[in-house]
Amino acid sequence: MTGRWVIISTERQKRPNAFQVQPVTALGAEHCPFCAGREDLTPPEVLAYRQNGSQPNASGWDLRVVPNKFPALKVEGGLEREGEGMFDRMNGVGAHEVIVETPDHAKTLATMSEGEIERVLYAFRDRIQDLKRDRRFRYILIFKNHGAAAGATLEHTHSQLIALPIVPDFVREEIEGARRHFTAKERCVFCDIIKQEVSAGTRVILEGADIVALAPYAPRFPFETWLLPRRHSARFEDAPRHEYEGLARALKSVLVRMDRTLERPAYNLIVHTSPFTDEPMEYYHWHLELIPKLTKVAGFEWGTGFYINPTSPEEAARVLRDARI
């Protein structure tokens, strides 16, 4: 899709026990602003799933969404763009929110129940549907940094949402690659990937009625995993209920397998979905990408845009597929 090259370095090939992994463990919760009872330490919530009619910004919640206290982009202001000579500039209009996934400080996404994970996915959906009504926003990125090695500054399990006034280049590249394939074949490239990988089986980690988890053909990172819906759809927020149920089930299974085989690694989780456009993107297919932090990006990657991956996708899929859970 993107034309990006990956070097699968067999001489560097590493099995799970060869990585230098620092396991993610929950430490003290004494000063955590995301724990129940400390709601006054965060900005007022914009969404909460609560028990028994409990009051906003107080205890009694199962999940909260709050504005980021130190936002990368802010909602205030109009969308203005200007330049200076050959340079381009626009003001930082957007939204930056934190999804606090559970009041329990010790839980992780892997140890949460399937129902709790499904609730997190519904929060993603609800916030996208709300924010996409703002015509200044062109794209919403939802991501999770789990563990300090993955960029998390607070250990209490949470995800983040950033609404952007432009579509990121990485997203454009993926969409354009999907568009080229559709123009040439009149089929969705992601649907073709699912069909081919399920038929071959060597890179499939697990199959459900609605979701397939696989190691992509040219993964940038060891144990990189994609979770794709079998049903073709461009927008994550338009998925039916049974797909969120299936995604929660598959995501928990993959995370438990990674915790078991990779000793609770730090990871990044990214939701890939369609930008906000009136054009029906029949050539795009939403999905999740899960990237354990097992290697470091260094000079070669920054200088070339290529990646060196020491573990083949076939080996990674086999290890995760065979994990006892």
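Residues numbered from 1 in each chain as written. Predicted model: local features only at pLDDT ≥ 70, side-chain atom pairs only at ≥ 80, totals over all residues. Heavy atoms only, no water.

Engineer: Is there a simple way to think about the side chain of Ser54 in this case?
Structural biologist: Its place among the elements puts Ser54 in the loop between strand 2 (47–50) and strand 3 (61–67). A polar atom in the side chain of Ser54 sits 3.1 Å from the backbone oxygen of Gly60. Beyond its immediate stretch of four places on either side in the chain, Ser54 contacts Ser59, Gly60 and Trp61. (Helix = DSSP H or I, 4+ residues; strand = E, 2+ residues; numbered from the N terminus. Polar contact = N/O pair within 3.5 Å; in protein donor to acceptor, adjacent residues only side chain to side chain. Contact = heavy atoms within 4.5 Å.)

Engineer: Can you walk me through the pairing of strand 6 (residues 95–100) in this structure?
Structural biologist: It is a general feature of regular strands that their side chains alternate between the two faces of the sheet. Counting buried positions along strand 6 gives six out of six residues, so the element sits mostly inside the fold. On strand 6, burial covers both faces: Ala95, Glu97 and Ile99 on one face and His96, Val98 and Val100 on the other are all buried. Examined bridge by bridge, strand 3 and strand 6 share four bridges and lie antiparallel to one another. From the neighbouring strand, Arg64 faces strand 6, where its bridge partner is Val100. Pairing of strand 6 with strand 8 (residues 158–164) involves six bridges; the strand directions are antiparallel. Across the sheet, residue Val98 finds its bridge partner in strand 8, namely Gln160. (Buried < 20%, exposed > 50% of the residue type's maximum accessible area, 1.4 Å probe, protein only. Pairing = 2+ DSSP bridges.)

Engineer: Could you clarify how one ought to interpret the pattern of salt bridges in this entry?
Structural biologist: Oppositely charged side chains can form a pair if their charged atoms are brought close together. Taken as a whole, this structure holds 23 salt bridges when the rule is applied. A salt bridge links Glu114 to Arg249; its shortest N-O distance comes to 3.7 Å. In this pair, Glu114 sits in helix 1 (residues 114–131) while Arg249 sits in helix 4 (residues 241–262), placing the two residues 135 residues apart along the sequence. A salt bridge links Glu224 to Arg220, with the nearest nitrogen and oxygen atoms 2.9 Å apart. Both residues of the pair, Glu224 and Arg220, count as buried. Beyond isolated ion pairs, a larger network of salt bridges with shared partners links Glu97, Arg127, Asp130 and Arg133. (Salt bridge = Lys/Arg side-chain N within 4 Å of Asp/Glu carboxyl O.)

Engineer: When you look at the packing of helix 1 against helix 4 in this model, what are you seeing that I'm missing?
Structural biologist: If you want to describe how two helices pack, look at the angle between their axes and the distance between the axes. Contact geometry of helix 1 with helix 4 gives a least axis separation of 8 Å together with a crossing angle of 125°. Looking at the two axes, helix 1 sits oblique to helix 4. Taken as a pair, helix 1 and helix 4 cross one another with a handedness that is right-handed. Packed against helix 1, whose contacting residues are Glu114, Ile117, Glu118, Leu121, Tyr122 and Arg125, the element helix 4 presents Arg241, Tyr244, Glu245, Leu247, Ala248, Arg249, Leu251 and Lys252 at the interface. Partitioned by chemical class, the residues of the contact of helix 1 with helix 4 number seven nonpolar, no polar and seven charged. (Axes fitted to C-alpha atoms, helices over the stretch in contact; angles between N-to-C directions. Parallel < 35°, antiparallel > 145°, perpendicular 65-115°, else oblique. Left-handed = near helix turned anticlockwise from the far one by under 90°. Nonpolar A, V, L, I, M, F, W, Y, C, P; charged D, E, K, R; others polar.)

Engineer: What should I look at first to understand the environment of Val204 in this one?
Structural biologist: Tracing the chain through its elements places Val204 in strand 9 (residues 204–207). Exposure remark for Val204: the relative accessible area of 5% places this residue in the buried category. Expressed as a C-alpha distance, the spacing of Val204 and Leu320, which sit 116 residues apart in the sequence, is 9.4 Å.

Engineer: Could you clarify how one ought to interpret a nonpolar patch on the surface in this entry?
Structural biologist: Taken together, the side chains of Trp5, Ile7, Phe300 and Phe306 make up a nonpolar region of the molecular surface, amounting to roughly 410 Å² of accessible area. Residue position: Phe300 is located in helix 5 (residues 299–304). (Patch = residues over 30% accessible without salt bridge, like charges linked within 9 Å, V, L, I, M, F, W, Y side chains within 5 Å. Areas by Shrake-Rupley, 256 points an atom, 1.4 Å probe, with all protein chains shown as cover.)

Engineer: So what exactly am I meant to see when it comes to the packing of aromatic side chains here?
Structural biologist: Geometrically, a pair of aromatic rings is defined through the distance of the ring centres and the angle of the planes. By the definition in use, this model includes seven aromatic pairs. When the ring of Phe124 is compared with that of Phe236, the centres are 6.4 Å apart and the planes differ by 50°; the resulting orientation is tilted. Placement of Phe124 in helix 1 and of Phe236 in the loop between strand 11 (225–229) and helix 4 is noted, with a sequence separation of 112 residues between them. For Phe124, a relative accessible area of 5% corresponds to the buried category. Residues Phe221 and Tyr307 carry aromatic rings whose centres are separated by 5.2 Å and whose planes lie at 70° to one another, so their mutual orientation is edge-to-face. Of this pair, Phe221 sits in the loop between strand 10 (211–214) and strand 11 while Tyr307 sits in strand 14 (residues 307–309); the two residues are 86 residues apart in sequence, bridging distant segments of the chain. (Phe/Tyr/Trp six-rings, centres within 6.5 Å; stacked < 30°, edge-to-face > 60°.)

Engineer: Just checking my understanding: could you explain the nonpolar core for this structure?
Structural biologist: Generally speaking, soluble globular proteins have nonpolar side chains that are buried together. One finds Phe236 and Leu251 to be the most contacted residues of the largest nonpolar core, which totals 55 residues. The element that contributes the greatest number of residues to this core is helix 4, accounting for nine residues. Those residues in contact with Leu251, other than ones at most four positions away along the chain, are Leu109, Ile117, Leu227, Leu269, Leu288 and Leu290. (Core = buried A, V, L, I, M, F, W, Y, C linked by side-chain atoms within 4.5 Å.)

Engineer: Explanation requested: the sheet that holds strand 8 in the structure shown.
Structural biologist: Hydrogen bonds between backbone atoms are what pair the strands of a sheet, whose relative direction is either parallel or antiparallel. In spatial order, the strands read 2-3-6-8-7-12-13-11-10-9; together these ten strands make up an open sheet with antiparallel pairing. Each having just a single partner strand, strand 2 and strand 9 make up the two edges of the open sheet. Strand-to-strand twist of the sheet, defined as the mean angle between neighbouring strand axes without regard to direction, takes the value 15°. Across five bridges, the pairing between strand 7 (residues 139–146) and strand 8 is antiparallel. Looking at the pairing, Ile140 lines up with Ala163 of strand 8. Sheet strands touched by helix 4: strand 9, strand 10, strand 11, strand 12 (267–272) and strand 13 (287–292). Its angle to strand 13, the strand with the most contacts, is close to 10°. Packing against the sheet, helix 6 (residues 313–322) makes contact with strand 9 and strand 11, and its axis sits at approximately 40° to strand 9.

Engineer: Hey, could you run me through unusual backbone geometry in this one?
Structural biologist: The general pattern is negative phi for most residues beyond glycine and trans for most peptide bonds. Unusually for a residue other than glycine, Asn52 sits at a positive phi of about 55°. Topologically, Asn52 is positioned in the loop between strand 2 and strand 3. One non-glycine residue with positive phi stands out, namely Arg264, at about 55°. Among the structural elements, Arg264 can be located in the loop between helix 4 and strand 12. Overall, Arg264 belongs to the partly exposed group, its relative accessible area being 37%.

This is a description of form; function is not addressed.
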